[in-house]
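As a plain string of letters, each chain reads:
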Amino acid sequence: MTHEVASAYRFGTCTLVVASRELRRDDGTVVALAPKLFDVLAWLIRHRDRAVGRDELIAAVWGDAGTPDNLLAQVVARLRRLVDGETSAADSAIRTVPRFGYRWVAEVVELDEAPIVPVSAVAAGERDRSPSTAVASPRDRRGLAAWGAGFAILALLVAAASAWWRDGEAPGAATDARPLAVLLPVELAVGDDEAWMRLGLMGVIGDRLEAAGQRLVPDEASLSLVRATQSRLEAPPDVARVLALSPAAFAIRAQARRVEGRWQVSLATQGDVDDTRSIGEADDAIDAARLAADRFAAKRGLVVLPASGAATGAAPGELLVRVEAAALAADGARVRRLVESAGEAERNAPELRYLLGWAAFEGGDLAGAEARYVALLADEVLADQPLLRARVLNGLANVRYARGDLEGTRSASGDALAALGTLDGGVERARALVGRAAATSRSTPDAARDDLALARLQFEAAGDRLGLARAESAAGVLEMASGRLHEALPLFERAVDRFAAFADLHDELVTRTHVMHVRLLLLEPGAALAGEARLADLFAQAPPSRARVLAGLTRAEVLAANGRLGLARRVLADACPASPGLPCPEWPLQHAWLADVLGLARQDDLDAVLAGPAGSEPGRDVGRARVAQVRARLARGDVGAARQAADAAQAWARGVGTPASQVYAALAEAVVRGAESEEADASAAFVDAARRAAAERVPFDMLRVAEAEVDWHLTRNDLGGAMLAAARVADAARVEFDAALLQLRVRHAVGQVEPWSAALVRARALAGEREVPAGLTVAPVPGTTSAPVGGGATPVATPPSRR
């Protein structure tokens, strides 16, 4: 049977309170559960008389049958950590029912009334949160100072296979007693001297409201919403558009002005069924903002905490508020000026020391940022501030990632998660998870995938759709690197749509580049071309960067893959104008390879790049360049040099160890063995290359192997082998020129007139400015075979066994 909904459920040392969606422990700890965590836990407890199937749970909580099982597994794993404590996995309150689902097995007592929680145990903002009051973090109020330290990792990594909420619906909106709100920057009726108040007072108000229990969209996400919907921050907000982009149920507008020499700050809801308004007046703007927030919270029935004291920590002074406003505006230079102008005692405040580290990183001073972070971590002042400690560790992880120190990144991110402990941590935990995933994506991709799934849950709970988009893009990169292209594509496309909606041009540029690259790997050049115009617009708007250069190179490759060679050459020249005649320093291998394909460079240029640092990098670009190097040396008749190049490819693949590198090393070996006239060895090498490509399931790689194998079979007049190799990529011949040309070559060689004619029509339709070899346009004679195009052998009779 289904148990009636009680006010609270008690089990072990915990009580689950339905109205506030909180998990309260006997030691006074209060954890405000993320929406999906609460919904899964409540469903299992209410249906504890039976096992609950995975499909039932997914339908009840996500409402989407397409939600992957691994997402549910991650939610359950997180719940076990929260409710089981030190209990062993075998004694968990949530038991796994093999091949079915889960069952709640702990004893439960239903309570008609939720227990009263002392004020000291309620979430009290971030300024005083010790391990003994490990409440869920309301949200990260440090804005871009924290995002710079956490999401630069994402920017570097990017360059849930389904959305965590339906568009227009707040996470858990149907059951959450505290609907999510978006707090907008403060509207000012004052001069430029007080401009810092727009974001500074926004932070003060947000801290007080969250301390009282109001759920709010993170500051950085709120600011992104405003910037996406209006041209100037100073303009009145377009609240309707903000709410359309946000999962928030309503908006809170704030205004500040001077009235008869005093500050007046007013708050008002918009888009909410309950029209709540409040006004705070004081001589100081910060005090007025705090008073307005407390009165607002009281009118909404929230817990209003004391204005000062042990429960809330010292109220932030004007300097800290000004510095945090500058950080939220991503103005690192202003952060430095403000802090350096302060007295020594103020400069030693841990929050300001952290922000100086962030400003150093933003300014490109990695050594300075690391020194500040390390010194702050060694200070005992962080011992009772787990959230700030986690933020500093995330900043350190970001510095180490920028330096290429993956082990250091993993260590710092792991320490950040350890610092948070049972604290929910909000987006700060999400950043640590993303940082650890970035560091481990190559060595332990499954663990990285789990970390990103948990990070996306954190962003959902925080109502941060921009953060979710960044995490999805990062997950797409991981899937792409693992060869799971069909899993990567929807992640990238959802993220692209979100970035476009938020007018986040840089992340849209990076992610659209990935979308087009995946389309090329899937042998879908036409689909890739559909996004070329938008990528061209983003390229034109973007400042110089490695991401911009890669976007230009990808555009050129997409155009070339669609036969638009003239435009591709012009785009290639524009992609790296600083060195038009040389390999581009940002992406030398990709530039040299494209220039070679488009007839703008010599093979010697590609050889020079492979001999440099770029030649030791992992990835498909190095692999295909090494195979091209082997082919070029064979074309000169230098089998010995080709053997050396193939051996170098093998050494490279052993060093990097990626599946793509193994495919291309095996292909290089097969091509050389075919030229060395070792038939049995060559056959085995081609079988190995084809097996590796099929296991990786990347159509682009499968086509490259098939092309080389068909060449080898046709030189031996092995038409059966050629047809079999071509058949592996036959489906792509409908949309991709090289695949169509391969089918045409085989049909012509076999002497099948009708299939040859159909293949010729397809190849010509896809050719664009490319030429179909003249020899393939002449109809074959039925019953005969011809030498490979380019050869001059006389057609010979087809062996009976191969007809």
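Note that the structure is a prediction, hence the values are computed from the model and not measured. (Residues numbered from 1 in each chain as written. Predicted model: local features only at pLDDT ≥ 70, side-chain atom pairs only at ≥ 80, totals over all residues. Heavy atoms only, no water.)

(A) Structural detail: the overall build of the protein. When helices and strands are counted, the protein shows 34 helices and 15 strands. Scored against the burial criterion, the 803 residues of the protein give a buried share of 57%. Accessible surface, the protein: about 32100 Å² in total, of which carbon and sulfur atoms supply 52%. (Helix = DSSP H or I, 4+ residues; strand = E, 2+ residues; numbered from the N terminus. Buried < 20%, exposed > 50% of the residue type's maximum accessible area, 1.4 Å probe, protein only. Areas by Shrake-Rupley, 256 points an atom, 1.4 Å probe, with all protein chains shown as cover.)

(B) Quick look at the packing of aromatic side chains. For the structure on display, the rule yields three aromatic pairs. Ring geometry for Phe-11 versus Trp-104: centroids 4.8 Å apart, planes at 75°, classification edge-to-face. Within this pair, whereas Phe-11 is found in strand 1 (residues 8-11), its partner Trp-104 is found in strand 7 (residues 101-104), the two being separated by 93 residues in sequence. Lying across the ring of Tyr-102, Arg-54 places its NZ or CZ 5.5 Å from the centre. The cationic tip of Arg-548 hangs over the ring face of Phe-539; the distance from NZ or CZ to the ring centre is 3.8 Å. (Phe/Tyr/Trp six-rings, centres within 6.5 Å; stacked < 30°, edge-to-face > 60°. Lys NZ or Arg CZ within 6 Å of the ring centre and 35° of its normal.)

(C) Fine view of the layout of surface pockets. In this structure, the second largest pocket spans a volume of roughly 1200 Å³. Lining the second largest pocket we find 34 residues, and of these Trp-593, Val-597, Arg-704, Glu-707 and Asp-738 sit closest to its centre. At the level of secondary structure, the elements contributing two or more residues to the lining of the second largest pocket comprise helix 23 (546-561), helix 24 (565-575), helix 25 (588-597), helix 27 (620-635), helix 29 (659-675), helix 31 (699-715) and helix 33 (737-750). A total of five residues in the lining of the second largest pocket trace back to one element, the largest contributor, which is helix 33. Residues belonging to the lining of the second largest pocket are distributed by class as follows: 20 nonpolar, no polar and 14 charged. (1 Å grid on protein atoms, 1.4 Å probe; cavity = no way out; pocket = protein on both sides within 12 Å on 5 of 7 lines; lining within 4 Å. Points joined across faces, edges and corners; volume = space filled by probe spheres on them. Nonpolar A, V, L, I, M, F, W, Y, C, P; charged D, E, K, R; others polar.)

(D) How the structure looks around the sheet that holds strand 5 (residues 52-53). Strand order across the open sheet formed by three strands is 5-7-6, with antiparallel pairing between neighbours. Looking at which strands have only one partner, the edges of the open sheet turn out to be strand 5 and strand 6 (94-97). Note: strand 5 against strand 7, two bridges, orientation antiparallel. Among the inter-strand pairings, Val-52 is bridged to a residue of strand 7, identified as Tyr-102. With respect to the sheet, helix 1 (residues 35-46) is in contact with strand 5, strand 6 and strand 7, its orientation differing from that of strand 7 by roughly 65°. (Pairing = 2+ DSSP bridges. Contact = heavy atoms within 4.5 Å. Axes fitted to C-alpha atoms, helices over the stretch in contact; angles between N-to-C directions.)

(E) View of unusual backbone geometry. Despite not being glycine, Arg-697 has its phi angle at roughly 65°, a positive value. With respect to the helices and strands, the residue Arg-697 is situated in the loop between helix 30 (679-696) and helix 31. Its relative accessible area of 47% is what places Arg-697 among the partly exposed residues. Of note in this structure, Asn-717 is not a glycine but carries a positive phi near 60°. Secondary-structure assignment places Asn-717 in the loop between helix 31 and helix 32 (719-727).

(F) Focus on the environment of Gly-206. Secondary-structure assignment places Gly-206 in helix 5 (residues 197-212). Taking the relative accessible area as the measure of exposure, Gly-206 reaches 0% and is therefore buried. Along the primary structure Gly-206 and Ala-289 are separated by 83 residues, whereas in three dimensions their C-alpha atoms are 9.7 Å apart.

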